[in-house]
Amino acid sequence: MAERDSMLGKQSIQFEKKPYIIGSASVTGSKEAQGPMGELFDKVGYDDKFGAKTWEEAESILQKEALEIAISKADLTKQDLQMVFAGDLLGQSIASSFGMAGYQLPHVGLYGACSTCGLSLTMGGVTISGGFAQKAACVTSSHFASAEKEFRFPLAYGNQRPKSATWTVTGSGAFILSSQPGKQTRAVMEGVTVGKIVDYGVKDSMNMGACMAPAAADTIKQNLEDFGREPKDYDKIITGDLGTVGQKLLFDLLAEKKIDITRQHMDCGIEIYDSEKQHTDAGGSGCGCSAVVLSAYILKKLEEGIWKRVLFVPTGALLSKTSFNEGQTIPGIAHGVVLEHYEG
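Described in the following lines is the structure provided in the data block. Just so it is clear, the model here is predicted, and its values are computed rather than measured. For every chain, the first residue of the written sequence is number 1, and numbering continues from 1 onward in sequence order. Local features in this predicted model are restricted to residues of pLDDT 70 or higher, and side-chain atom pairs are both shown and tallied only at a pLDDT of 80 or more, whereas totals for entire chains, interfaces and linings draw on every residue. The basis for the side-chain values is all heavy atoms of the structure; hydrogens and waters are excluded.

Notes on the pairing of strand S5 (residues 83-87)
- Only protein chains enter the accessibility calculation, which uses a 1.4 Å probe. A residue is then buried if its area is under 20% of the maximum for its type, exposed if over 50%, and partly exposed in between. Numbering of helices and strands runs from the N terminus; a helix is a DSSP stretch of H or I covering at least four residues, while a strand is a stretch of E covering at least two. Within S5, 4 of the 5 residues are buried, which leaves the element mostly enclosed by the surrounding structure.
- Only strands joined by at least two bridges in the DSSP assignment are considered to pair. Bridge count between S5 and strand S7 (residues 135-142): 5 bridges; the pairing is parallel. Opposite phenylalanine 85, over in S7, you have cysteine 138 as the bridge partner.
- In terms of strand pairing, S5 meets strand S6 (residues 107-110) through 4 bridges, oriented parallel.

If you want it as structure tokens, here you go:
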């Protein structure tokens, strides 16, 4: 009888045939290179337009280059891939559609706002574990200038940013999933917790941490319940881009549920910048934030065996220009991915 994945509790899937992350890459902009993780990124574009004419085209280039590097590091060719799961923040996911078009691979376009890295890994993991593909790529990106133009104000406007605002990361992360270990296996996916849409009625688009923290708390609580674990069972519980404001709210919301993750918690948006020196207010955000930190830093710790198991929880704010201008609230979502050290 074939192995089958198990549905755990209300929202989680435990992979019987665990997918392997056999390659990954991170490409970022100049500001990210100046932060604490700058030396860990695979490629840095010191011209944030990456030689393109528009910010949107630059973001597509980010994705193309990240996937190219990830494929090379996995010792594969693009013909070895059977499917690509990709997404970004822009309307109709144009960074992904234009960025991935040249690869001519079966394409699954995804939108989970800043949780898209977790969403792509979830869908890729289910596909690999279910035997529907042997090799798949998961790619996501964001760009500070294209996101500001899409959701806030054109850069030339020079608007003032409140202290609760996060800085959209210019970056792309790409990950190669495989049904078998590779030449360099960075981590193993044990399972996932698919997030729910959580809406606490927040309407402030300049406070993404407050919008997303309730969803992160919900997914973390559900993951612990579904897998029958406590926070201490993870070396790290890592959120995507709550920033300093969202982190405090996350701790408060989980404390109400008698859950304390303060010792295990790390937030990619807090770690990627030196907020005081780089003037990034509450921290980093954007699809690329958790993606590049996962590739450059988190997988490095897992690969080296410094961490044995982590819960990776990218978070997203599900707003659009239309919903915001019509006065709608900003719901959040968070997808949890359980990653483990590969023993070999």
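Here's the deal with the environment of histidine 107
- Mapped onto the fold, histidine 107 is located in strand S6.
- Sequence-distant contacts of histidine 107, that is, excluding residues within four places in its chain, are made with Val84, Ala86, Ser96 and Met100. What makes two residues a contact is simply this: any of their non-hydrogen atoms within 4.5 Å.

Notes on the side chain of serine 120
- Within the secondary structure, serine 120 is located in helix H4 (residues 116-129).
- Once residues within four sequence positions are removed from consideration, serine 120 is found in contact with Phe85, Leu110 and Cys138.

Quick notes on the packing of helix H6 (residues 208-227) against helix H7 (residues 243-256)
- Note on geometry: axes are lines fitted to C-alpha atoms, helical ones only across the stretch in contact, with angles between N-to-C directions running from 0 to 180 degrees. For the pair H6 and H7, the least separation of the axes is 8 Å and the interaxial angle reads 40°. Relative to H7, H6 is oriented oblique. The hand of the H6/H7 crossing is right-handed. Seen from H6, the contacting residues are Gly209, Ala210, Ala213, Pro214, Ala216, Ala217 and Ile220; seen from H7, they are Gly246, Leu249, Leu250, Leu253 and Leu254. Note on angle classes: values under 35 degrees are labelled roughly parallel, values over 145 roughly antiparallel, values of 65 to 115 roughly perpendicular, and the remainder oblique. Two helices that cross are described as forming a left-handed crossing if the nearer one is turned anticlockwise from the farther one by less than a right angle, and a right-handed crossing if clockwise.

Notes on helix H2 (residues 55-73)
- Multiplying 1.5 Å by the helix residue count minus one yields the expected span of that helix. Spanning 19 residues, H2 covers 27 Å between terminal C-alpha atoms, matching the ideal 27 Å at 1.5 Å per step.
- Burial in H2 covers these residues: Glu56, Ala58, Glu59, Ser60, Ile61, Leu62, Gln63, Ala66, Leu67, Ala70 and Ile71.
- A positive backbone phi angle near 60° is found at aspartate 75, which sits one or two residues after H2.

So, the packing of aromatic side chains
- Any Phe, Tyr or Trp ring, taking Trp's six-membered ring, that has another such ring centre within 6.5 Å forms a pair; planes under 30 degrees apart are called stacked, those over 60 apart edge-to-face, and the others tilted. All chains considered together, the criterion is met by 2 aromatic pairs.
- Measuring from ring centre to ring centre gives 5.6 Å for tyrosine 20 and tyrosine 342, while their planes differ by 85°; the resulting arrangement is edge-to-face. Of this pair, tyrosine 20 sits in strand S3 (residues 20-29) while tyrosine 342 sits in the segment after strand S17 (336-340); the two residues are 322 residues apart in sequence, bridging distant segments of the chain.
- In this structure tyrosine 20 comes out as buried when scored by relative accessible area, which is 17%.
- Plain terms: the ring middles of tyrosine 297 and tryptophan 307 are 5.8 Å apart, the flat faces sit at 80° to each other, and that makes the pair edge-to-face. Taken together, the positions of tyrosine 297 in helix H10 (residues 287-303) and tryptophan 307 in the loop between H10 and strand S14 (309-313) put the pair 10 residues apart, joining distant regions of the chain.
- With a relative accessible area of 8%, tryptophan 307 lands in the buried category.

So, the side chain of serine 290
- Locating serine 290 in the fold gives a position in helix H10.
- With near-sequence residues (within four places) excluded, serine 290 lies in contact with Cys114, Cys117, Gly240, Cys268, Phe312 and Pro314.

Examining the packing of H4 against H10
- For the pair H4 and H10, interaxial distance at closest approach is 7 Å and the crossing angle is 60°. Here H4 is positioned oblique relative to H10, judged by the angle of their axes. For the pair formed by H4 and H10, the contact residues are Thr116, Cys117 and Leu121 on the first element and Cys287, Ser290, Ala291 and Leu294 on the second.

A short note on the nonpolar core
- What is meant by a nonpolar core is a set of buried Ala, Val, Leu, Ile, Met, Phe, Trp, Tyr and Cys residues, joined one to another through side-chain atoms within 4.5 Å. Ranked by internal contacts, the top residues of the largest apolar core, which has 39 residues, are Leu121, Met189, Leu294, Ile298, Phe312 and Leu339.
- For this core, the elements supplying multiple residues, two or more each, are H4, S7, strand S9 (171-178), strand S10 (187-193), H10, S14 and S17.
- The element that contributes the greatest number of residues to this core is H10, accounting for 9 residues.
- Excluding anything up to four places from it in sequence, leucine 339 contacts Ile21, Val188, Met189, Leu294, Leu299, Leu302, Lys308, Arg309, Val310 and Phe312.

Considerations on the pattern of salt bridges
- What makes a salt bridge here is a side-chain nitrogen of Lys or Arg within 4 Å of a carboxyl oxygen of Asp or Glu, nothing more. Tallied over the entire structure, the rule returns 11 salt bridges.
- One salt bridge connects glutamate 190 with arginine 229, and the closest N-O pair in it is separated by 2.7 Å. Taken together, the residues span a long stretch of sequence, with glutamate 190 in strand S10 and arginine 229 in the loop between H6 and strand S11 (236-239) at a distance of 39 residues. The residues glutamate 190 and arginine 229 share a single accessibility class, namely buried.
- Glutamate 304 is the salt-bridge partner of lysine 300, the closest N and O atoms lying 2.9 Å from each other.
- Linked by salt bridges that have partners in common, Lys18, Arg309 and Glu340 make up one network.

Focus: the state of the cysteines
- In this description, a disulfide is simply a cysteine sulfur pair whose atoms lie within 2.5 Å. For the structure shown, the criterion picks out 0 disulfides.
- Take cysteine 114: it sits in no disulfide, and the sulfur closest to it among the cysteines is that of cysteine 287, at 5.3 Å.
- Residue class for cysteine 114 comes out buried when judged on its relative accessible area of 10%.
- Note on cysteine 289: no disulfide assigned, nearest cysteine sulfur contributed by cysteine 268 at a separation of 5.6 Å.
- According to the relative accessible area criterion, cysteine 289 is buried, its value standing at 0%.

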